[in-house]
Amino acid sequence: MPDSYLQSLLCPLPEDIAHLKGAGHFEEALELIRRRLLDPALPKMLRSRLETESMFLKRLPKDYTLTKAALAAEIREAVPSFRDEEVDELVRDGRADFIFLNGEMLFHEDLGASLLKAWPALRARSEKLSAVPKSTLDPIIEKTKTGVAAHITIKGVTTIADSAFVPGALYRIHMPIPQKSMQQTAPESLTCTLPYTVQDGPQQCMYMEFKADKNEPITFEYSYTQRPHYVDPMDPNASGIVYPDARPVCAEDLAEHAPHITFTPFLVSLANGLKKNETDPVQIARTFYDYVTTQITYAYQRPYLLIENGAEYTAVNRHGDCGLQALLFITLCRISGIPARWQSGLCAEPGDVGSHDWAEFYTERFGWLPADCSYGGGAWRNGAMHRWNFYFGNLDPWRMVANRDYYAAFTPAKKFPRFDPYDSQRGEIETEERALAYGEFRTRYTMTAYEEEEIK
């Protein structure tokens, strides 16, 4: 597939290039890479690694744009008492995602928003944000426990930036749509302003090709039903397969899947240290869930494309967003012999639709169950223990499942590398000449219909 170059991330960088990168001398590092690539005897994997690193070094500065002063000023908009010198404390406490560039410390563009979302002590200093909002999840969780189905219709509008539109060019589009999963039906209706074919696979899409002289939005709409089943996995008296129609366990559910699910010595040590002498898979999975939800801080991230090993990165740095937390949970489970896999698509809450990732794990006692470490971690930070416990083994029905694996190929295959090679939530667009990059197209989702049905 066109994104196979990412397998080269398992190859270490030469030490001199790594030193220059760490010190923020990106141009010097790029020059060393350019010279090394002139060597015809360079091993194939190392060549690919250096080519990939060259791309990384050109993209990283686009995500790390905030100086110390700019970060402090952004936080002060919500927390007027925040002082410039507190940025240094953020760095010392490991809460700040930064790089060095030409001698200057630069912070991730979303760091301020991450801190205000995930750090209760900082949020409490804001008159605007200090109160913990009443969760809209509690009522739907209670309905899930007694039995509920959600019939959902979502409308998507994809627009191509005028600067990226070429009249008469052939455009190829892969757009994620709902796929049948253990808690979700296949699309019950699907319409689009363009002709399409449905391409089944680990990342289910509708595929479109078109030429146009005028740049107009592409609108599509689909409906589906979510039927989550409730179980308390920690109840010693509970047993029985919860989702009998779930896809069976396969070898891939226990395997490494480079670059983000790899059984590194550090992760093997972490998994063994957490599970200790426990032998019950449910208890082991709960231990991993507790670790991720209480010890990994939620943080907005740079594109996964720019992270070398998602699971290890999350565990070492002790922060990550929903997808990275899911990858860490999946990896710890697989290391310990517990089948685990990926689910992602949309959080489809009435009035708020956005991208989201979570995990599934398997035990003989219950079969496949979901685990949402991101939602669980948010509940734990806000003292909502009932929600924290719920998201181990359960999901609310406010989801749209499009993907059952990460880093999976499309059908038909893309000609050029994807702008997000790992997940499929906003679609991919390419022409015969190139793939469109982030910012050159956008997909916005809205929920146009929602109906609940009580299930007995």
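Procedures and definitions
Residues numbered from 1 in each chain as written. Predicted model: local features only at pLDDT ≥ 70, side-chain atom pairs only at ≥ 80, totals over all residues. Heavy atoms only, no water. Helix = DSSP H or I, 4+ residues; strand = E, 2+ residues; numbered from the N terminus. Rg over C-alpha atoms; globule rule 2.2 N^0.38 Å. Buried < 20%, exposed > 50% of the residue type's maximum accessible area, 1.4 Å probe, protein only. Contact = heavy atoms within 4.5 Å. Areas by Shrake-Rupley, 256 points an atom, 1.4 Å probe, with all protein chains shown as cover. Lys, Arg positive; Asp, Glu negative; His and termini not counted. Charge placed at Lys NZ, Arg CZ, Asp CG, Glu CD. Core = buried A, V, L, I, M, F, W, Y, C linked by side-chain atoms within 4.5 Å. Expected span 1.5 Å × (residues − 1). Bend = angle between axes of the 7 residues up to and from the residue. Phe/Tyr/Trp six-rings, centres within 6.5 Å; stacked < 30°, edge-to-face > 60°. Lys NZ or Arg CZ within 6 Å of the ring centre and 35° of its normal. Pairing = 2+ DSSP bridges. Axes fitted to C-alpha atoms, helices over the stretch in contact; angles between N-to-C directions. Salt bridge = Lys/Arg side-chain N within 4 Å of Asp/Glu carboxyl O.

Student: Explain the overall build of the chain to me, please; I cannot follow it from the model alone.
Tutor: A tally of helices and strands in the chain yields 14 helices and 17 strands. Rg of the C-alpha trace for the chain: 23 Å, near the compact-globule value of 23 Å for 456 residues, within the 12% margin. Each of the three principal axes of the chain carries a C-alpha extent, and together these read 65 × 55 × 50 Å. A buried classification covers 54% of the 456 residues belonging to the chain. Contacts in the chain between residues far apart in sequence, at least 24 positions, make up 72% of those at least 6 positions apart. Total accessible area on the chain is roughly 20,100 Å²; 53% of this is exposed by carbon and sulfur atoms. Charge-centre separation for the chain: the mean point of 49 positive side chains lies 1 Å from the mean point of 63 negative side chains.

Student: Looking at this structure, I do not really get the nonpolar core. What am I missing?
Tutor: Nonpolar side chains in soluble globular proteins generally cluster together in the buried interior. If you look at the biggest cluster of nonpolar residues, it comprises 83 residues, and the most contacted ones within it are Y289, F329, C333, F361 and Y391. In terms of residue count, the dominant contributor to this core is helix 12 (residues 322-335) (nine residues). Y289 has contacts with F329, A371, D372, C373, G376, W388, Y391 and F392, leaving out every residue within four places of it along the chain. Counting 32 residues, the second-largest nonpolar core is a separate cluster that includes I154, C192, F210 and A212.

Student: How should I be thinking about helix 3 (residues 44-63) in this particular structure?
Tutor: Each full turn of the α-helix corresponds to 3.6 residues, which orients residues three or four apart in the same direction. With 20 residues, helix 3 should cover 28 Å at 1.5 Å per step; its first-to-last C-alpha distance of 29 Å lies within 8% of that length. Helix geometry: helix 3 is bent most strongly at L57, by close to 25 degrees, with proline P61 lying one to four residues after it. In this structure, the buried side of helix 3 is in contact with helix 1 (15-23), helix 2 (26-36), strand 1 (64-66) and strand 3 (104-108).

Student: I tried to follow the packing of aromatic side chains on my own but got confused; where do I start?
Tutor: Two aromatic rings are characterised by how far apart their centres lie and by the angle between their planes. What the rule picks out here adds up to 21 aromatic pairs. Ring plane angle 25 degrees and centroid distance 6.3 Å describe the contact between F220 and Y222, whose orientation is recorded as stacked. Given the relative accessible area of 0%, Y222 is considered buried. Seen from their ring centres, Y375 and Y391 are 5.3 Å apart, and the 75 degrees between their planes marks the pair as edge-to-face. Here the residue Y375 occupies a position in helix 13 (residues 373-381), and Y391 occupies one in the loop between helix 14 (385-390) and strand 15 (399-403), the gap between them amounting to 16 residues. Overall, Y391 belongs to the buried group, its relative accessible area being 0%. Members of the aromatic cluster, connected to one another through ring pairs, are F220, Y222, Y224 and Y445. A cation sits over an aromatic face here: R95 above W119, 4.1 Å from the ring centre. Sitting over the ring of F410, R418 keeps its end group 4.0 Å from the ring centre.

Student: Help me out: how do you make sense of the sheet that holds strand 2 (residues 98-101) in this one?
Tutor: Hydrogen bonds between backbone groups are what pair the strands of a sheet, and the pairing can be parallel or antiparallel. The three strands lie next to each other as 1-3-2, forming an open sheet whose pairing is antiparallel. What marks the edges here is a single partner per strand, and that holds for strand 1 and strand 2. Going across the sheet, the axis of each strand differs from the next one's by a mean of 55 degrees, ignoring polarity. Of the strands in this sheet, strand 1, strand 2 and strand 3 touch helix 3, which is tilted by about 25 degrees from strand 1.

Student: What am I meant to see in the pairing of strand 12 (residues 340-349) here?
Tutor: If a strand is regular, its side chains alternate between the two faces of the sheet. Judged by how many residues are buried, strand 12 sits mostly within the fold: ten of ten residues are covered. Bridge analysis of strand 12 against strand 13 (residues 352-363) gives ten bridges, and the strand direction is antiparallel. From the neighbouring strand, R341 faces strand 13, where its bridge partner is E360. Hairpin geometry of strand 12 and strand 13 is characterised by an intervening segment of two residues between the two adjacent antiparallel strands and by a positive phi of about 90 degrees at G351. Pairing of strand 12 with strand 15, which is carried by four bridges, proceeds in the antiparallel orientation.

Student: Quick question: what am I supposed to make of the environment of R95 here?
Tutor: Along the chain, the position of R95 falls in the loop between helix 5 (86-92) and strand 2. Taking the C-alpha atoms as reference points, R95 and R318, 223 residues apart in sequence, are found 9.1 Å from one another. Beyond its immediate chain neighbours, meaning those up to four positions away, R95 contacts L90, L111, L115 and W119.

Student: Before we go on, may I ask you to explain the pairing of strand 9 (residues 218-226) in this structure?
Tutor: In terms of burial, strand 9 is a largely internal element, seven of the nine residues being buried. In terms of strand pairing, strand 4 (residues 148-160) meets strand 9 through nine bridges, oriented antiparallel. Bridge pairing in strand 9 links G156 to F220.

Student: What is the right way to look at unusual backbone geometry in this model?
Tutor: Generally, phi is negative for residues other than glycine and the peptide bonds are trans, each holding for most cases. With an omega of 10 degrees, the peptide bond running from A258 to P259 counts as cis. Cis geometry is found at the peptide bond from T411 to P412, where omega equals -10 degrees. Unlike most non-glycine residues, K276 shows phi in positive territory, near 55 degrees. On the secondary structure map, K276 appears in the loop between helix 9 (265-275) and helix 10 (281-295). The class for K276 is exposed, based on a relative accessible area of 64%. Phi is positive for Y407, close to 55 degrees, though the residue is something other than glycine.

Student: Sorry, what's going on with the pattern of salt bridges here?
Tutor: Opposite charge on two side chains allows them to pair when their charged atoms are near. This structure, assessed with the given rule, holds 29 salt bridges. R49 serves as the salt-bridge partner of E308, at 2.9 Å between the closest nitrogen and oxygen. Residue E308 is located in the loop between strand 10 (297-298) and helix 11 (310-317), and its partner R49 is located in helix 3; the two are separated by 259 residues in the primary sequence. You can call R49 buried: its relative accessible area is 1%. Within this structure, K21, R49, E53 and E308 form a network of salt bridges that share partners.

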